[in-house]
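Each chain, letter by letter, is given below.
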Amino acid sequence: MRALVLAGILAISASPAMAKKLTIDRIFNGGSLDGTAVRDLKVSPDATRVSFLRARSDDQHTFDLWEYSIGDQHIRMLVDSSRLAASGNELTEAEQARRERERTAGMHGIVDYQWSPDGKKLLIPVAGTLYLYALDAPKGHAVTALDTGGDALDPRISPRGQYVSYVQDQNLWVIDLSSGETRQLTHDGGGTVHNGEAEFVAQEEMERSHGYWWAPDDSSIAYERYDASPVPVTRRMELYADHTAVVEQRYPFAGDPNVSVKLGLVAPTGGATRWIDLGNDPDFYLARVKWLPDGKRLSYQWMPRDQKSLQLRLVDIATLKQHVLLTEKSSTWIDLNKDLRFLAGKNAFLWGSDRSGYHHLYLYSLDGKLMHPVSSGDWNLDGVLAVDTRKGLVYVSSNRDFVPDRQVYALRLDGKSADHPQRITTRDGTHQTVFADNGSFYVDTFSDPNTPPQVSVHRADGSFLAWIEENRLDENHPYWPYMDSHVTPEFGQIKADDGQMLYYRVYKPLDFDPDKHYPVFDTFYGGPHVQMVTRGWVDYFAEYMAQQGFVVFTLDNRGMARRGRRFSDVIDQQLGVAEVADQVAGIDWLKQQPWVDGKRIGVFGWSYGGYMTLMLLAKDSTDLAGGVAVAPVTDWHLYDTFYTERYLGRPQDNAAGYTRSSPLAWLDGLTAPLTLVHGMADDNVLFLNSTELMAALQKRGIQFGLMTYPGGKHGLNLPGQRSHVYHLIDDFFEHTVKGDCGSQCRVDPAKKAATNPSTPSPDEGGVGID
């Protein structure tokens, strides 16, 4: 299959009529170039259907609900979002904030849905209104709007399908589907009190978007009650094109008090809440909540404010007695995960831990005793995909064979394959998979640098069953006209100063000539929990810049994801040291290449990448021609408790670390050109970060470029903003970084002789990878 794709690309490349380059407006305003890619893939509980969201052909931001039938292998639209009455409604402020945190702010139509446990119904929330779709209903009568009396947040169908639950006006509600009765379960929500909701840092930083959890037998709901009154009120201005809003937000800046949290149990039939004792220390995080399969016991994960330990606690629902099953400890911090699986019919559970220095799985008995490791070795496991207790297998995602890849592996629950898992996926590249609940098959979204996202169904052993979306790269594909200008990136490694290997990706300019000197577009993220150097489908703006004559370089520095704890923990107690050193090592490697113009290297990053841009310009301006920083953190006192304190601790305990982690401490070294960009309504990295930087630069007499976006949130998703900011970035690199050099600069023959561009020597810190 891969050979056919590559053969097709070669054939396309031979066609002179296809010479068309990407444009910024085409990338951001011309519809998706991915082809008929899909999102939010789910397998129905009865394993008969695969459902997914697909963008409209005329609007890449509006989604309808589709299905693929396993039985007849047909694809059909289930729900047209334009036929739902609420699809055009304005979102509430709470829903807008939730979508911004979930990175779905730019989506319209159907953006979420869920299956009923029997696989016969779907619950679809659209702009605060709930719709129930019955698959076995007559045509024209399949969709029913549920009367919630207002906007419904975080709606869900109960495990046995008797109820629909949701949050409204900061209280928890249910609808009894047999009687149609609506019932309010909590009554003190309002003001600073929220019932059934996850607090800000849980949603933004802990990957926990839910604030309530159904018992497997529908008998009870565990829910979080939080009171935000301890969190200081922050008043900030949000500037829009036609008005200014003063927003009062209880934002927990680093070192500030967090919300107070309680965990309770309430019956869906109503009645008093029974509260679970969370201990005497009020300064903690409710990290995870999960029911055991019998519905008689509830687990929760309790983390202290310093994030250096994590307890898994087990509660008997009848008596509310509890005990600690296990405790994880770290000298730096504990990374949360979603690997906990209580094995039905077995007195055991799976637990994910970094205790070995790499993320691995361990099997425990329900009395908290370790039975054995399920995985082990010097490789990192991303997480659990599925467990098949009948076959005694657990399926996981990992980059064990090649760091930029994502593959599926099978491990034996008995631990006998711990250090030699069986690889299930076969094609090199990136596999994002969703398994059926019974472990019988999975849906795979695959891509590599020459293959756009393809969606297929496979048996659990990896054998191919059917296409859901082959997404062939032919004359009907939206990317087809640009194939003659397609640039395939190369991957390699350089060595960090502690001996660890750093992976990079480089797009060489279109029509690359090794005898020429090229300017560099160096783009990165640099922060925790992210990997940029991946072997997946095209980064369109990177390819655009390569088509404009730039070498496009990305390096994943220490502190980033999927490499183990030695790699990540170097940022403990001070940010911007190891990360900057690694990026400088990447710049030094670039300067050794005979096809790079070392005087024309520019840097660009967004969010943590914007922070990295500022730190590099402040610490290494002599090596750089300039940089663009979008939505950067400039003062870690201005970011939230959970994220910032994980790495730096509280500012009260590490004042020097906070000072030295800020670009503001290093601005005297910033001499290269800078353009600063920020949305004026950013509620993630507050606009205040940039105003502090502006004042500090002005005080020092340092000139800089500035672009602010009225109404712009962190992702700059208002109409026209994305294309505008990337035009700005393009202009900066074209005029400030490239300047008048263009493609006429030639390599110094002596320098060319000193360096082999295709296979850098180990002495130069580079290792070529095919």
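Refer to the preceding data block for the structure.
Bear in mind the structure is a predicted one, so any value in this text is a computation, not a measurement.

### Some points on the sheet that holds strand 27 (residues 360–365)
In any sheet, the strands associate via hydrogen bonds between backbone groups, in a parallel or an antiparallel arrangement. The sheet built from four strands is open, its strands ordered 25-26-27-28 with antiparallel pairing. Bordering the open sheet on either side are strand 25 (341–342) and strand 28 (370–373), each of which pairs with just one other strand. Where strand 27 lies against strand 28, three bridges are found, and the strand directions are antiparallel. Bridge pairing links Y364 to L370 in strand 28.

### A word on helix 12 (residues 721–738)
Counting along an α-helix, one turn takes 3.6 residues, and residues three or four places apart therefore face a common direction. Taking 1.5 Å of rise per residue, 18 residues should cover 26 Å, and helix 12 covers 24 Å from first to last C-alpha, within 8% of that figure. Of all the positions in helix 12, only Q721, S723, V725, Y726, L728, I729, D730, F732, F733, V737 and K738 are classed as buried. Looking one or two places after helix 12, you find G739, whose phi comes out positive at around 60 degrees.

### Things to note about the nonpolar core
Membership of the largest hydrophobic core comes to 84 residues, with the highest contact counts inside it found for F349 and W636. Filtering out sequence-adjacent residues up to four positions away, W636 remains in contact with A254, L575, Y608, Y611, Y643, T644, L648, Y658 and S661.

### Observations concerning the pattern of salt bridges
Here the structure, examined in full by the defined rule, presents 40 salt bridges. E328 is the salt-bridge partner of R355, the closest N and O atoms lying 2.3 Å from each other. Of this pair, R355 sits in the loop between strand 26 (348–353) and strand 27 while E328 sits in strand 24 (residues 322–329), placing them 27 residues apart in sequence. A salt bridge links R558 to D497, with the shortest nitrogen-to-oxygen separation between them at 3.2 Å. With R558 in the loop between strand 40 (551–555) and helix 6 (565–568) and D497 in the loop between strand 37 (490–495) and strand 38 (501–507), this residue pair connects regions lying 61 residues apart in the sequence. Classification of R558 by relative accessible area gives buried; the value is 4%.

### Observations regarding the packing of helix 7 (residues 578–592) against helix 8 (residues 608–620)
Their axes nearest at 10 Å, the elements helix 7 and helix 8 cross at an angle of 70 degrees. What the angle tells us is that helix 7 and helix 8 run roughly perpendicular. Taken together, the residues of helix 8 that come into contact with helix 7 (itself represented by E579, V580, Q583, V584 and I587) are Y608, M612, M615, L616, K619 and D620. Taken together, the residues of the contact of helix 7 with helix 8 break down into seven nonpolar, one polar and three charged.

### Looking at the side chain of D405
Secondary-structure assignment places D405 in the loop between strand 30 (393–398) and strand 31 (407–412). D405 sits in the buried class, given a relative accessible area of 2%. In this structure the side chain of D405 is engaged in a polar contact, spanning 2.6 Å, whose partner is the side chain of R535. When near neighbours in sequence (up to four residues on either side) are disregarded, D405 contacts S398, N399, D428, G429, R535 and R562.

### Remarks on unusual backbone geometry
The phi dihedral of D40 falls on the positive side, at around 55 degrees, and the residue is not glycine. Within the fold, D40 resides in strand 1 (residues 38–43).

### Some details on helix 9 (residues 641–648)
For helix 9, a buried count of eight out of eight residues is recorded, marking the element as mostly surrounded by other parts of the structure. Of the residues flanking the start of helix 9, the one acting as N-cap is D640, its side-chain oxygen 3.2 Å from the backbone nitrogen of F642. In the stretch just after helix 9, G649 is the one whose phi turns positive, near 70 degrees.

Calculation rules
- Residues numbered from 1 in each chain as written.
- Predicted model: local features only at pLDDT ≥ 70, side-chain atom pairs only at ≥ 80, totals over all residues.
- Heavy atoms only, no water.
- Pairing = 2+ DSSP bridges.
- Helix = DSSP H or I, 4+ residues; strand = E, 2+ residues; numbered from the N terminus.
- Expected span 1.5 Å × (residues − 1).
- Buried < 20%, exposed > 50% of the residue type's maximum accessible area, 1.4 Å probe, protein only.
- Core = buried A, V, L, I, M, F, W, Y, C linked by side-chain atoms within 4.5 Å.
- Contact = heavy atoms within 4.5 Å.
- Salt bridge = Lys/Arg side-chain N within 4 Å of Asp/Glu carboxyl O.
- Axes fitted to C-alpha atoms, helices over the stretch in contact; angles between N-to-C directions.
- Parallel < 35°, antiparallel > 145°, perpendicular 65-115°, else oblique.
- Nonpolar A, V, L, I, M, F, W, Y, C, P; charged D, E, K, R; others polar.
- Polar contact = N/O pair within 3.5 Å; in protein donor to acceptor, adjacent residues only side chain to side chain.

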